[in-house]
Amino acid sequence: MESFDVAVIGAGIHGASAAYHLTERGLRVAVLERTVPAGGPTGRSSAIVRAYYTNQFLAEVAKDSMEMFTHFGELTDGADSGFRQTGGVFLHAESELEQCREVVARLLETGVRAEVIEPDGFGEMLPGFELDDVAIAVWEANAGYADPAGTTHGMVSTAVRRGAELRTSTTVRQLEVRGDHVAVTADDDVMLADRALVAAGPWTRPLLERIGVDLPLTVERHVVAAYSFGTAAPVPHVVGDLPGSYYLKPDGATHFQLGPLDPSDQADPDDFVQDIYPDESLELAAAMTRRIPRLGDAHQAGGWASLYDVSPDWQPVIGQVAERVFVDAGTSGHGFKLGPALGRHVAALVAGDSVHPGLAQFDPGRFARGDLLTSGYGAARIIG
Amino acid sequence: MSADEEVVVRPTLAVLVKDVPLADDATDANGPRGLDPISEVPLEWALRQRAAGRAAAVVAIAMGPPAAAETLRRAVAFGVDDTLLVSDPGLPGSDVRRTARVLAAAVDQVAATVAVCGYESRDGSSGVVPSAIAAVLGWPVLSRAAEATWTDDDVIEVERDVGSGPRRERVAAPVVLSFVEGRIDPRYPVLRDVLRSRRASVPEIALDRLAARGLETTRHERVVRTERIEPPRKEPAYAGPDDGPDAILEILAEQGIVA
């Protein structure tokens, strides 16, 4: 029976990044993945990259991730993160004006390129947008989007090159903490590891229940609706329309995607409708064309549904949950862009090294203590 | 208008569209449904005929549950003038014969003299409903049309894709045409039109109203069960560029395609 320093369960962006950073520390890592890397929600992410966060630590992590996306080839074996730096604009109603100004001032101190746009600058910045209900906008020059599968594969394959063992099509059925190790049972195979990191997204909760740990994580189904610009002049950057409760993301030069910013219905990760309903696409399109009437000339181009593993405060759940067992989950639909750099902090935690003080706030025990974090703006907690 | 001038009454074109499961797994009862992609081809053809002045109006007809109104709204977004939904508790699970009778009655209801549809549906895939409708109506059918040209002397020249090269036929209304994909590219509606079509009202008609026009309503079939059948797996055989024609002949001989 083989033995590892760390068994990482899940090869989404978070498991992949943890494996990448753990192997960088020279640890012997096994990655167990039920399908293929990025085969779960990661691969269905719209993969927006931004550092416009209300949570200061996450803003810094996102900024560090941006650096990694930018230099991804050098950090891996020449893998491509698909990072496209389009810039992003975030629209806010009057009620969010003060919070927004305060957040931007804080972000500027840490070097995030965020800039407040007052209404007199809207016309130049957002031509053709209907902005009557918008009091303030934030422009983040470095925002954009990446390729979630390419990024995940790049991190996993680099971990493998550094000696990690990747087991795909391997569903972990059982976790068991024994005296000096953790036994991970995948299908018929038992693997022993000094420590285990559960980064299994929507499957995290049932897995941790096997060792008597109950985290209040829920699973929500969220859609990514696709469109082509058609004859309409493209919107070349990301839009976070908080009053309209949707985001827009360009996808290459000819297409774009829309998704909701609000909470959604819960779903069973093993049995959910993976296709988008026509109505879901049109609800988003209706909100978007109210804001950007010229995109009434766009065409529907399908879409899909993904899953968010949502924590009660829509912030990540990172920490130790039992002797030798750690968790990195609950990123509530805004985790992808955090992944590459967040894994460095998670790896330090799992390795028993000193960790950034900002990580402690995500301790899984906060829910039992009633010590919830704040996140985002109003219902758009996904802003983080 | 002089006495010599002929008054030409342009016909109404009926497009028979189908509300189908859109998910890969067509047996998933909870999955999204919508306009059968094959229905987009006859819709496009019909709208082109209207634009060219050949048809006075295009009416989209569907048979389905009340929710199938959404599929007809999609047809409105494409640009049809009117819609008709045949919906009745007695209809779910109808077989080819009953479906054809109902749709033929609906074509009659809207007084269309040209009825167009896809060659087979995404879910049922029988491929015989168009012919069965023609049989009920007593009209000719030209199936698997790739393209059809409506000439000035009111003849429709149809280029059929019947698997052994194109076949050209000429026909005059009344007629049923079924279309295949490939030659006619549907123009997809812009979001503005799709969003506007969500408010379109879709007339619904029950069987008893159609029955008044001579439709037999007695039901001879019922759904016993629905089961999922895995498609048969075929192992591909490969012949590389250096293998030469003999290798291809050998593969064909193994399959019993050539002696």
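Residues numbered from 1 in each chain as written. Chains lettered and ligands numbered in written order. Predicted model: local features only at pLDDT ≥ 70, side-chain atom pairs only at ≥ 80, totals over all residues. Heavy atoms only, no water.

S.K.: In this structure, what is going on with the pairing of strand 11 (residues 189–198) of chain A? I would like to understand it.
M.R.: Successive residues of a regular strand alternate their side chains across the two faces of the sheet. Residue and element names in this part refer to chain A. Here strand 11 lies mainly inside the structure; seven of its ten residues are buried. As judged from the six bridges shared by strand 1 (residues 3–9) and strand 11, these two strands associate in the parallel manner. Bridge pairing links Ile 9 to Val 198 in strand 11. The pairing of strand 10 (residues 182–186) with strand 11 spans five bridges and is classified as antiparallel. In the strand pairing of strand 11, Val 182 is matched with Ala 193. Adjacent in sequence and paired antiparallel, strand 10 and strand 11 are bridged by two residues, among which Asp 187 carries a positive phi angle near 50 degrees. Here strand 11 pairs with strand 18 (residues 325–329) via three bridges, running parallel. Bridged to Ala 196 within strand 18 is Val 325. (Buried < 20%, exposed > 50% of the residue type's maximum accessible area, 1.4 Å probe, protein only. Helix = DSSP H or I, 4+ residues; strand = E, 2+ residues; numbered from the N terminus. Pairing = 2+ DSSP bridges.)

S.K.: What am I meant to see in the layout of surface pockets here?
M.R.: Unoccupied space between atoms shows up once a probe the size of one water molecule is rolled over them. Residue and element names in this part refer to chain B. Here the largest pocket defines a volume of roughly 1,500 Å³. Lining of the largest pocket is provided by 49 residues; of these, Lys 18, Asp 19, Arg 33, Asp 123 and Gly 124 occupy positions nearest its centre. Residues belonging to the lining of the largest pocket are distributed by class as follows: 22 nonpolar, 14 polar and 13 charged. (1 Å grid on protein atoms, 1.4 Å probe; cavity = no way out; pocket = protein on both sides within 12 Å on 5 of 7 lines; lining within 4 Å. Points joined across faces, edges and corners; volume = space filled by probe spheres on them. Nonpolar A, V, L, I, M, F, W, Y, C, P; charged D, E, K, R; others polar.)

S.K.: Mind showing me how you'd approach the pattern of salt bridges here?
M.R.: Close approach of charged atoms allows side chains of opposite charge to pair. Under the counting rule described, the total for this entry stands at 36 salt bridges over all chains. The partner of Arg10(B) in a salt bridge is Asp154(B), and the shortest N-O contact between them spans 3.0 Å. Here Asp154(B) lies in the loop between strand 7 (141–150) and strand 8 (156–161) and Arg10(B) lies in the segment before strand 1 (12–16), a separation of 144 residues in the sequence. A residue is classified by how much of its surface remains accessible, and Asp154(B), at 33% relative accessible area, is partly exposed. Beyond isolated ion pairs, a larger network of salt bridges with shared partners links Asp133(A), Asp241(A) and Arg291(A). (Salt bridge = Lys/Arg side-chain N within 4 Å of Asp/Glu carboxyl O.)

S.K.: How should I be thinking about the sheet that holds strand 11 (residues 204–205) of chain B in this particular structure?
M.R.: If you trace the nine strands from one edge of the open sheet to the other, you get 9-8-7-10-6-1-4-5-11 (chain B), paired in mixed fashion. Each of the sheet's edge strands pairs with one partner strand only, and the pair in question is strand 9 (166–171) and strand 11 of chain B.

S.K.: Would you mind showing me how to read the interface of chain A and chain B here?
M.R.: Size of an interface: often given as the accessible area lost when the parts come together. Contact residues are listed per partner, giving 21 residues for chain A and 18 residues for chain B. Approximately 1,400 Å² of surface area, both sides summed, lies buried where chain A meets chain B, with 57% of it carried by carbon and sulfur atoms. Inspection of the chain A/chain B interface yields three salt bridges. In this structure, the salt-bridge partner of Asp279(A) is Arg198(B), at a minimum N-O distance of 3.4 Å. Taken together, the connections running from chain A to chain B amount to ten residue pairs in polar contact (both at pLDDT 80 or more). Per element, the largest residue contribution to the side of chain A that touches chain B is eight residues, and it comes from helix 8 (residues 278–291) of chain A. The residue makeup of the side of chain A that touches chain B, split by class, is twelve nonpolar, four polar and five charged. (Contact = heavy atoms within 4.5 Å. Buried area = accessible area lost by both parts, 1.4 Å probe. Polar contact = N/O pair within 3.5 Å; in protein donor to acceptor, adjacent residues only side chain to side chain.)

S.K.: Help me understand the packing of aromatic side chains, please; the structure alone is not making it clear to me.
M.R.: The geometry of an aromatic ring pair is captured by the separation of the ring centres together with the interplanar angle, meaning the angle of the planes. Per the stated rule, a full pass over the model turns up ten aromatic pairs over all chains. A centroid spacing of 5.6 Å and a plane angle of 40 degrees characterise the contact between Phe69(A) and Phe83(A), whose relative ring orientation is tilted. Note that Phe69(A) is positioned in helix 2 (residues 56–70) and Phe83(A) in the loop between helix 3 (72–75) and strand 4 (88–92), a separation of 14 residues in sequence. A relative accessible area of 2% places Phe69(A) in the buried class. Note on Phe83(A): relative accessible area 12%, which makes it buried. Between Trp45(B) and Phe179(B), the ring centres sit 5.3 Å apart and the planes meet at 40 degrees, which makes this aromatic pair tilted. Of this pair, Trp45(B) sits in helix 1 (residues 40–51) while Phe179(B) sits in strand 10 (residues 175–179); the two residues are 134 residues apart in sequence, bridging distant segments of the chain. Both residues of the pair, Trp45(B) and Phe179(B), count as buried. Every member of this aromatic cluster is reached through a ring pair, and the members are Tyr52(A), Phe90(A) and Tyr377(A). A cation sits over an aromatic face here: Arg50(A) above Tyr53(A), 4.4 Å from the ring centre. It is Arg162(A) that lies over the ring of Tyr20(A); its NZ or CZ is 4.3 Å from the centre. (Phe/Tyr/Trp six-rings, centres within 6.5 Å; stacked < 30°, edge-to-face > 60°. Lys NZ or Arg CZ within 6 Å of the ring centre and 35° of its normal.)

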